[in-house]
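Coordinate analysis (summary)
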Amino acid sequence: MSMLTPEMQLLRPDHAPALLAFEQENRAYFAASIPDRGDDYFARFADRHRALLAEQEAGICYFHVLVDAEGKVLGRINLMDAVDGEAELGYRIAEHAAGRGLATWAVREICNRAATSYGLTTLRAGATLDNAASRAVLTKSGFTVTGERRLSGRPGLSYRRSVVG
């Protein structure tokens, strides 16, 4: 990776301002390849942030932010719906940080944490067919295609990876 590796931090209440700024600054960029979160997401961000922290506290999900030395959020990487040793992986990287290996590093790191910190054995993921970068990250990170699926109405692929600590 050609940039300083950021720190991967478990989501905390004090991440809210930087996380909201990240989502707002990158909204159009994200919407070009993944479904937009919608205006309600931004209008009710504080409520949504509290809900995510409650899900994390309950052990249902593990939300992470990739933070640079100044505390700016460069990306998110999440493990959602953790049940019976499996969870769904999701991630997004800021436009200005994309294309430098950050997503691949973060996915590999979260696979390690899934096994060693969260007791998971399998991760699932999905990517739309038109999101070649995300599909490449998943493949480079050891995920294999398991079938086709629709993501917010768009054609995509399902992926799976074993993660054993």
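I will try to describe carefully the structure that is included in this document. This structure is a prediction, so every number in the text was calculated from the model and none was measured.

Details of the environment of Thr128
Its location among the elements puts Thr128 in strand β5 (residues 122–128). The spacing of Thr128 and Gln56 is 72 residues in sequence and 26 Å in space, taken between C-alpha atoms. When sequence neighbours within four positions are dropped, the list of residues in contact with Thr128 reads Ser33, Arg135, Leu151, Arg154, Pro155 and Gly156. At a separation of 2.7 Å, a polar atom in the side chain of Thr128 contacts the side chain of Asp130.

Overview of the side chain of Gln9
Its place among the elements puts Gln9 in strand β1 (residues 7–10). Beyond its immediate stretch of four places on either side in the chain, Gln9 contacts His15, Phe63, His64, Val65 and Val67.

What about the nonpolar core?
Within the largest apolar cluster, 46 residues are counted, with the highest numbers of intra-cluster contacts made by Ile77, Leu79, Leu89, Leu120, Leu123 and Phe143. In terms of residue count, the dominant contributor to this core is helix α5 (residues 102–116) (eight residues). Once residues within four sequence positions are removed from consideration, Ile77 is found in contact with Met8, Tyr62, Phe63, His64, Leu66, Leu89, Gly90, Tyr91, Ala106, Val107 and Ile110.

Looking at the packing of aromatic side chains
Two numbers describe a pair of aromatic rings. These are the distance of the centres and the angle of the planes. Tallied over the entire structure, the rule returns five aromatic pairs. Between Tyr62 and Tyr118 the ring centres are 3.9 Å apart and the planes differ by 15°, which places this aromatic pair in the stacked class. With Tyr62 in strand β2 (residues 62–67) and Tyr118 in the loop between α5 and β5, this pair connects stretches of sequence that are 56 residues apart. Residue classification places Tyr118 among the buried positions, given a relative accessible area of 17%. One aromatic cluster is present, built from ring pairs that chain together Phe22, Tyr29 and Phe30. Of note, Arg37 hangs over the ring of Tyr41, and the distance from its end group to the ring centre comes to 4.6 Å. Between the NZ or CZ atom of Arg92 and the centre of the ring of Phe30, over which it lies, the distance is 4.6 Å.

A word on α5
With 15 residues, α5 should reach 21 Å at 1.5 Å per residue; the first-to-last C-alpha distance of 21 Å fits that figure. All of the buried residues along α5 are Leu102, Ala103, Thr104, Ala106, Val107, Ile110, Cys111, Ala114 and Ala115.

Thoughts on the environment of Gln24
In this structure, Gln24 sits in helix α1 (residues 16–25). Residue classification places Gln24 among the partly exposed positions, given a relative accessible area of 47%. Distance from Gln24 to Phe63, taken between C-alpha atoms, is 18 Å for residues 39 residues apart in sequence.

Regarding the state of the cysteines
What makes a disulfide is a covalent bond joining the sulfur atoms belonging to two cysteines. Overall, the coordinates contain zero disulfides when judged by the stated rule. Left without a disulfide partner, Cys61 is nearest to the cysteine sulfur of Cys111, which lies 16 Å away. The exposure class assigned to Cys61 is buried, which follows from its relative accessible area of 2%.

What about α1?
Every buried residue of α1 is listed here: Ala16, Leu19, Phe22 and Glu23. The buried side chains of α1 occupy one side of the element, clustering within an arc of 125° when seen end-on. The exposed set on the far side of α1, more than 90 degrees from its buried face, consists of Pro17 and Glu25. On its buried side, α1 packs onto α2 (27–31), α3 (39–43), α4 (45–57), β2, β3 (73–83) and β4 (86–93).

Definitions and limits used
- Residues numbered from 1 in each chain as written.
- Predicted model: local features only at pLDDT ≥ 70, side-chain atom pairs only at ≥ 80, totals over all residues.
- Heavy atoms only, no water.
- Helix = DSSP H or I, 4+ residues; strand = E, 2+ residues; numbered from the N terminus.
- Contact = heavy atoms within 4.5 Å.
- Polar contact = N/O pair within 3.5 Å; in protein donor to acceptor, adjacent residues only side chain to side chain.
- Core = buried A, V, L, I, M, F, W, Y, C linked by side-chain atoms within 4.5 Å.
- Buried < 20%, exposed > 50% of the residue type's maximum accessible area, 1.4 Å probe, protein only.
- Phe/Tyr/Trp six-rings, centres within 6.5 Å; stacked < 30°, edge-to-face > 60°.
- Lys NZ or Arg CZ within 6 Å of the ring centre and 35° of its normal.
- Expected span 1.5 Å × (residues − 1).
- Disulfide = S-S within 2.5 Å.
- Arc of directions from axis to C-beta.

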